[in-house]
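Secondary and tertiary structure notes
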Amino acid sequence: MAKEERQSTKENLRLFLLDSLFQQDRFYTKDELIAKTQVSIPTLDRDLRRLRDDYNAPLEYSKEHGAYHYT
């Protein structure tokens with residue numbers, strides 16, 4: 001398996017995990033998401049952006065809760 005394909009698979013697994021978490025209808029802080037995905041802040045930011053932009057996920061940040069959630 002090529003390096004790009006492995007990274008793509010890893011990224012897809014993370015995106016699937018994030019989507020599954022957000023579908024639980026609760027709020028997650030960045031720290032909680034980093035702990036669950038075991039990635040750096042820039043990688044998490046990239047993944048969240050991909051969910052929103054590439055997959056049209058209804059992901060929003062709530063200032064009130066200081067966390068992310070699906071609307």
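Residues numbered from 1 in each chain as written. Predicted model: local features only at pLDDT ≥ 70, side-chain atom pairs only at ≥ 80, totals over all residues. Heavy atoms only, no water.

**Things to note about the environment of Glu32**
Inspection of the secondary structure puts Glu32 in helix H2 (residues 30-37). By relative accessible area, Glu32 is classed as partly exposed at 29%. As for Glu32 and Arg52, which are separated by 20 residues in sequence, their C-alpha atoms are 19 Å apart. Not counting the four nearest positions on each side in its chain, Glu32 is found in contact with Arg26 and Phe27. Engagement of the side chain of Glu32 in a polar contact is seen with the side chain of Arg26, the distance being 3.1 Å. (Helix = DSSP H or I, 4+ residues; strand = E, 2+ residues; numbered from the N terminus. Buried < 20%, exposed > 50% of the residue type's maximum accessible area, 1.4 Å probe, protein only. Contact = heavy atoms within 4.5 Å. Polar contact = N/O pair within 3.5 Å; in protein donor to acceptor, adjacent residues only side chain to side chain.)

**Details of the nonpolar core**
Counting 14 residues, the largest nonpolar core has Leu18, Phe22, Leu33, Leu48 and Leu51 as its most contacted members. For this core, the secondary structure elements donating two or more residues are helix H1 (3-22), helix H3 (41-53) and strand S2 (67-70). Broken down by element, the residue count for this core peaks at four residues, all from H1. Excluding residues within four positions of it along the chain, Leu18 makes contact with Leu33, Thr37, Leu44, Asp47, Leu48 and Leu51. (Core = buried A, V, L, I, M, F, W, Y, C linked by side-chain atoms within 4.5 Å.)

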